[in-house]
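Take a look at the letters that make up each chain.
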Amino acid sequence: MYEVRVDPLDLERLGRILPPARAQALRAHAVEAAERLRGRVVWNISSTAHGGGVAELLQVLIAYGRGAGVDTRWLVLDADREFFTVTKRLHNFLHGSPGDGLELDDRARAHYEEVLARNLPDLRRRIRPGDLVLLHDPQAAGLQEELALRGATVAWRCHIGSDTASERTDLGWGFLRPYVEGAEAFVFSRRAYAPAWVAQDRLWVVAPSLDPFSAKNAEMSEEDVRATLEVSGLVGTSTARSGPGFSRRSAGTGRVRARESLVLDDHPIPASARVVLQVSRWDLLKDMEGVLHGFVDNLRLLPHDAHLLLAGPDVSGVTDDPEGAAVLAACREARARLSASTRARVHLTALPMDDVDENAHLVNALQRHASVVVQKSLVEGFGLTVTEPMWKSRPVVASAVGGIRDQVEHGVSGLLLDDPHDLDAMAAAVDLLLRDRDTADRLGHGAHLRVLDRFLGDRHLIQYAEVFASMLDRAPV
Ligand code: UDP
């Protein structure tokens, strides 16, 4: 187990871009929360510090929490590959998907418990009675009882879920229920995700949020976008040896490293191309391969300068996702089977994860460069990869599933695909946005306003303050 160092961020920075009443409410809640939580630590326990939405969220919320004067910290579990194979299966089951086809049997349960038990001595040393603990996702759920016995007040924050129950989601919940049932609070991204056995008076619905100032979302000039993508070998050509600077999470700056090509099996994308982008982990439920087929099967309909880019993390950098290598390999093979002329319009990149700030900056530049951003997930807990381009005023085409439905209002802040399996509908929506500049601009503008209105950190932090207050009210003195 290790603690992730997170530097505090000043809430005033966020306050400056909010309407005055919202900034004032944020300040008032921050003062109250700091007072209420004085002398306690708020611990977050998750399974990875890099890659994926949970890591992205924690980084920002913990920084603002610390900035507000609340002693907020982040621990990452020690676990092995077999543990992550089990928890990925559980993740897939909770999404109603068969995953690797194996069951959550006694052996899976035994290994899950064994790995968490190995983490306990270290946790008991760090966590004191009276502290608050947020356990994130199924990976950490099994710690609830032991930490409550230690005298901590424990909440479970589940970032995933499915809109509809099925035999498989029941199996997933059956596995988890005995571990978390006693939690003081349950926090879900959507109400529909909470299983029926969660007590209503302990159930909270809190959608994720985005930080406009992080390396992932900070403003970038067109010049910086171009230089970043050129020097990293993603778009166009460059002879520069190092690229533009970016701010790091910890104080300081970095520079984009020069590379010949970050595009897999290929040269960089031509600078004149209009890029249709999907950014995701290499997860079957994000359906990167489906996006590829939808694009190439409709290629003759699409404008001749439309190019597809599927961007995900370098798979060795996301330790809690054992599916990644196979999904990326399948996409590479699907691309290799295309005719040479079609292949020239389809690109894959696995962005290096050895420098998370550079990775975030590259994603930022790609999202800003894209003409259309797609998120054709088959299921989606929330989908920060939709929020991020929306904030950047990009027109999005996204499946009408899970938390994406809370973000995109069809025809106002993006286009929704009713059936995430309908590849022709995806291509038609992309085609429309590439051909109709006014509609694309209008939807992009609507998207930005939607995020400003609902998905920034003030709403998120205030909701967390409310959850903590209610937990402390309930906790035994
Ligand atoms: N992401 C990234 N680099 C990549 C691919 C993804 O930083 O190469 C980020 C992406 O920008 C987003 C997060 O990972 O912030 C994914 O979060 P999301 O909620 O969309 O899905 P999850 O991965 O949690 O299922």
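Look above for the structure.
Residues numbered from 1 in each chain as written. Predicted model: local features only at pLDDT ≥ 70, side-chain atom pairs only at ≥ 80, totals over all residues. Heavy atoms only, no water.

Before we go on, may I ask you to explain the overall build of the protein chain in this structure?
A tally of helices and strands in the protein chain yields 18 helices and 15 strands. A globule of 477 residues ought to have a C-alpha radius of gyration of about 23 Å, and the protein chain, at 22 Å, matches this closely. Principal-axis analysis of the C-alpha atoms places the extent of the protein chain at approximately 70 × 50 × 40 Å. Expressed as a percentage of its 477 residues, the buried residues of the protein chain come to 59%. Considering only contacts in the protein chain between residues 6 or more positions apart, those separated by 24 or more positions represent 72%. If you sum the accessible surface of the protein chain, you get close to 19200 Å²; carbon and sulfur atoms cover 51% of it. Charge centroids of the protein chain, computed over 56 positive and 67 negative side chains, lie 3 Å from each other. (Helix = DSSP H or I, 4+ residues; strand = E, 2+ residues; numbered from the N terminus. Rg over C-alpha atoms; globule rule 2.2 N^0.38 Å. Buried < 20%, exposed > 50% of the residue type's maximum accessible area, 1.4 Å probe, protein only. Contact = heavy atoms within 4.5 Å. Areas by Shrake-Rupley, 256 points an atom, 1.4 Å probe, with all protein chains shown as cover. Lys, Arg positive; Asp, Glu negative; His and termini not counted. Charge placed at Lys NZ, Arg CZ, Asp CG, Glu CD.)

Could you clarify how one ought to interpret the pairing of strand E10 (residues 274–279) in this entry?
Looking along a regular strand, one sees the side chains alternate between the two faces of the sheet. Most of E10 sits inside the fold, with five of its six residues counted as buried. The pairing of E10 with strand E11 (residues 306–313) spans six bridges and is parallel. By the bridge assignment, leucine 277 is partnered in E11 with leucine 309. Read from E10 through helix H10 (residues 288–297) to E11, the crossover connection turns out right-handed. Sheet topology places E10 next to strand E13 (residues 372–375); two bridges connect them, and they run parallel. Across the sheet, residue leucine 277 finds its bridge partner in E13, namely valine 373. (Pairing = 2+ DSSP bridges. Right-handed = clockwise from strand over helix to strand, strands pointing away.)

Help me out: how do you make sense of the sheet that holds strand E2 (residues 42–46) in this one?
Strand pairing in a sheet takes place through backbone hydrogen bonds and is either antiparallel or parallel in direction. In space, the seven strands of this open sheet follow the order E1-E3-E2-E4-E5-E6-E7, with mixed pairing throughout. Both edges of this open sheet fall to strand E1 (2–3) and strand E7 (203–205), since each of them pairs with a single strand only. Looking at chain direction, strand E6 (residues 185–188) and E7 are connected through three bridges and run parallel. Its bridge partner being in E7, valine 187 is matched across the sheet by tryptophan 204. The strands touched by helix H3 (residues 53–67) are E2, strand E3 (72–76) and strand E4 (132–136); relative to E3, the strand with the most contacts, the crossing angle is about 150 degrees. (Axes fitted to C-alpha atoms, helices over the stretch in contact; angles between N-to-C directions.)

Help me understand the side chain of serine 377, please; the structure alone is not making it clear to me.
Relative to the elements of secondary structure, serine 377 occurs in the loop between E13 and helix H14 (384–391). Serine 377 has contacts with Leu285, Lys286, Ser399, Val401, Ile404 and Pro420, leaving out every residue within four places of it along the chain.

How should I be thinking about the packing of aromatic side chains in this particular structure?
One pair of aromatic rings is described through two measures. These are the centre distance and the angle between the planes. If you walk through the whole model with that rule in mind, you get 12 aromatic pairs. Ring geometry for phenylalanine 83 versus phenylalanine 84: centroids 5.5 Å apart, planes at 75 degrees, classification edge-to-face. Note on accessibility: phenylalanine 83 and phenylalanine 84 belong to one class, buried. Residues tryptophan 173 and tryptophan 197 carry aromatic rings whose centres are separated by 6.1 Å and whose planes lie at 75 degrees to one another, so their mutual orientation is edge-to-face. Residue tryptophan 173 is found in helix H8 (residues 167–180), and its partner tryptophan 197 is found in the loop between E6 and E7; the two are separated by 24 residues along the sequence. (Phe/Tyr/Trp six-rings, centres within 6.5 Å; stacked < 30°, edge-to-face > 60°.)

Any chance you could explain the site of the ligand here in plain terms?
Neighbouring the ligand are 17 residues; Gly53, Arg281, Lys286, Leu384 and Glu388 lie closest to it. Glycine 52 is positioned with one of its backbone polar atoms (N or O) 3.5 Å from an oxygen atom of the ligand. Lysine 286 is positioned such that a nitrogen or oxygen atom in its side chain is 2.8 Å from an oxygen atom of the ligand. Bound to the protein, the ligand loses 91% of the 540 Å² it would expose on its own. (Near = heavy atom within 4 Å. Polar contact = N/O pair within 3.5 Å; in protein donor to acceptor, adjacent residues only side chain to side chain.)

Any chance you could explain the environment of glycine 290 here in plain terms?
If you trace the backbone, glycine 290 turns up in helix H10. Glycine 290 sits 88 residues away from leucine 378 along the chain, and the two C-alpha atoms are 9.7 Å apart. Here glycine 290 is in contact with Lys376 and Leu423, once residues within four sequence places are set aside.

I'm lost on the pairing of strand E12 (residues 346–351) in this one. Help?
For E12, the buried fraction is high: six of the six residues fall into the buried class. Of the two faces of E12, the one carrying Val346, Leu348 and Ala350 and the one carrying His347, Thr349 and Leu351 are both buried. Pairing of E11 with E12, which is carried by six bridges, proceeds in the parallel orientation. Looking at E12, one finds that leucine 310 is bridged to leucine 348.

It is not clear to me how the packing of helix H4 (residues 81–94) against H8 should be interpreted in this structure. Could you clarify?
Helix packing geometry: the angle between the two helix axes and the distance between the axes. It is at 7 Å that the axes of H4 and H8 come closest, and there the two elements cross at 130 degrees. Put simply, H4 runs oblique to H8. Here H4 runs over H8; the crossing is left-handed. Residue-level contacts link Leu90, Phe93 and Leu94 of H4 to Arg168, Thr169, Leu171, Gly172, Trp173, Phe175 and Leu176 of H8. (Parallel < 35°, antiparallel > 145°, perpendicular 65-115°, else oblique. Left-handed = near helix turned anticlockwise from the far one by under 90°.)

In this structure, what is going on with the side chain of arginine 190? I would like to understand it.
When you line up the elements, arginine 190 lands in the loop between E6 and E7. Within polar-contact distance, the side chain of arginine 190 engages the side chain of aspartate 406 at 2.8 Å. Apart from the residues lying within four places of it in its own chain, the contact partners of arginine 190 are Asp163, Val205, Gly381, Gly402, Gly403, Arg405 and Asp406.

Would you mind showing me how to read helix H16 (residues 423–435) here?
Given 3.6 residues per helical turn, the α-helix brings residues three or four places apart onto the same face. Taking 1.5 Å per residue, 13 residues should reach 18 Å; H16 reaches 18 Å between its end C-alpha atoms and fits that length. Residues Met426, Ala427, Ala429, Val430, Asp431, Leu433 and Leu434 constitute the buried set of H16. Two to three positions downstream of the cap, the backbone nitrogen of aspartate 424 sits 3.3 Å from a side-chain oxygen, assigning the N-cap of H16 to aspartate 422. (Expected span 1.5 Å × (residues − 1).)

I tried to follow unusual backbone geometry on my own but got confused; where do I start?
Trans is the prevailing form of peptide bonds, just as negative phi is the prevailing case for residues other than glycine. Residues other than glycine seldom take positive phi values, yet aspartate 265 does so here, at roughly 55 degrees. We note that serine 393 has phi near 60 degrees; this positive angle belongs to a residue other than glycine. Checked against the element boundaries, serine 393 lands in the loop between H14 and strand E14 (396–399).

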